[in-house]
Amino acid sequence: LNRPARVGEVYFNPLLLHLEITGLAVSKQEGEGDLISAGTIIASPSVSSLWHFAPVISYLHLKDLALDITLHGDGRSSVSDLMDSGQRESEPSRQEGTVFPFALYDFELTNASLVFDDRVHGKRHVISDINMRVPFTSSIEGREKEFTQPKFTAVVNGDPVELKGRTLPFDRTLLTEFELGAVDISLDQYWRYLPVQTVLALKSGRFTSDISLFFQRPDAHSLSLFLGGGGTLTDLELEDPNEGTVIRVKELAFDIERFSLRDNFLALKRVAVQDPYFKIVRGPEESVNWGGYFQIEEGETVKEGDSVENSGPPFRVDFHAVEIHNGSVEWIDRAVPGGFTRTFGNLEVTGSDLASRGGTPGSFEASVGSAERLSVKGTATLEPLSIQAAVTTENVSLPDFTPYLDE
């Protein structure tokens, strides 16, 4: 490993086939501390290794395992040298998908921890209290279709996470079914990893999920990934450095019917938003603030006349049901003489069968205000954007809109 290593004690009982290693540690190549350490490793080799001609472990228990990795950027990390296979160009490549035969019964990992020091984003991620149990897994021929059923619990950056399910890790299909339970996760630790450029800052927000994952590769080339379940965002608040809070949501709940990575398709059974607040600002140059909040990263802009390779169907989102309750919209218009500011309350929206790309138009109803009220009812498609609706106004005070009437 090209690193200093040490071990406290090795104990082996050949009659009971019991192996114990304590105090195992490998130091970092740079800096102080250990790259990896383990308080105790307990293993029981099986005599069936003789007729399988492969290692078979009846029991393996790792206690107090700790791994500390530093990410430097540009694909480099403190373990980059260990990831290099050292294979020369003249050497034949290993057959894709081959794994050496082995079998492992009753694997336990208790009180483990992982540290990822992400120096690119200035964030140190700590995964502690890791406990995992795998009753059985094997790559021995003829046993690849026996399900591995792991159970995993941990505390990720202070938030509890649970994962349970089943998988065929050594079968060609890679069939995997998992349930991810994440309770009350703080989003501020992950906002900087948003894959788009934005000036918005996350002031607050928490997330709870109950998401199911289904993955398989039925042949050597196609991949199928489906997601189900749902989640809830609570106390979400985003800030513009110049305009202050531009969106605040007490609760946003969603239920996924199906997400297919292969088909670029997401179907949502229901999206419900409770007590949202939106601030919309039109500047003197008549641009709206929300138009510049989410930008495509550099290098992704496609100019007119450029050839674009067809990478599959465009991403499509279908909303079977959309609900917004008790919302408010603050409208600030600096493009009219003297300016105009107005907050519209009692925002209520319902929609059904809204598709982002083509298809049959969905229906929607929206209203804002109470005594002074604006209502809209009609049908719509999101892309291409097409709306047919009837607009009803009640008790609108014209003097309140003098800046627009003067124009």
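Scoring rules and cut-offs
Residues numbered from 1 in each chain as written. Predicted model: local features only at pLDDT ≥ 70, side-chain atom pairs only at ≥ 80, totals over all residues. Heavy atoms only, no water. Pairing = 2+ DSSP bridges. Helix = DSSP H or I, 4+ residues; strand = E, 2+ residues; numbered from the N terminus. 1 Å grid on protein atoms, 1.4 Å probe; cavity = no way out; pocket = protein on both sides within 12 Å on 5 of 7 lines; lining within 4 Å. Points joined across faces, edges and corners; volume = space filled by probe spheres on them. Nonpolar A, V, L, I, M, F, W, Y, C, P; charged D, E, K, R; others polar. Core = buried A, V, L, I, M, F, W, Y, C linked by side-chain atoms within 4.5 Å. Buried < 20%, exposed > 50% of the residue type's maximum accessible area, 1.4 Å probe, protein only. Contact = heavy atoms within 4.5 Å.

Asker: Describe the pairing of strand E16 (residues 265-282), listing the residues and the values that go with them.
Answerer: Bridge count for strand E15 (residues 244-260) against E16 is 12 bridges, and the pairing is antiparallel. By the bridge assignment, Phe259 is partnered in E16 with Leu266. Here 14 bridges tie E16 to strand E17 (residues 316-333), and the two strands are oriented parallel to one another. Opposite Val273, over in E17, you have Ile324 as the bridge partner.

Asker: So what's going on with the layout of surface pockets? Residues and values would help.
Answerer: Of the voids in this model, the largest pocket is the one considered here, and its volume is about 1,900 Å³. If you trace the largest pocket, you find 48 residues lining it, with Ile247, Leu252, Val271, Val273 and Phe278 closest to the centre. Looking at the lining of the largest pocket, the elements with two or more residues in it are strand E13 (201-216), strand E14 (224-240), E15, E16, E17, strand E18 (340-355), strand E19 (362-368) and strand E20 (373-381). In terms of residue count, E18 provides more of the lining of the largest pocket than any other element does, 7 residues in total. Residue composition of the lining of the largest pocket, by class: 40 nonpolar, 5 polar and 3 charged.

Asker: So what's going on with the nonpolar core? Which residues, and what values?
Answerer: The biggest cluster of nonpolar side chains holds 22 residues, and the ones touching the most others in it are Ile256 and Leu266. Listing elements by their share of this core, those giving two or more residues are E13, E14, E15, E16 and E17. Residue contributions to this core peak at 6 residues, all from E15. Apart from residues no more than four positions distant in its own chain, Ile256 is found in contact with Leu227, Gly228, Gly229, Gly230, Leu266, Ala267, Leu268 and Lys269.

Asker: Tell me what's going on with the pairing of strand E8 (residues 103-118), and back it up with residues and numbers.
Answerer: Across 6 bridges, strand E5 (residues 56-63) lies against E8 in parallel orientation. Across the sheet, residue Ile57 finds its bridge partner in E8, namely Leu104. Pairing geometry for strand E6 (residues 66-73) and E8, over 6 bridges, is parallel. Paired with Leu71 across the two strands is Asp118, which belongs to E8. With 12 bridges joining them, E8 and strand E9 (residues 123-138) adopt antiparallel strand pairing. Within E9, the residue paired with Ala112 across the bridge is Ile130. The hairpin turn running from E8 into E9, its antiparallel successor, is 4 residues long, and Gly122 in that turn takes a positive phi close to 65 degrees.

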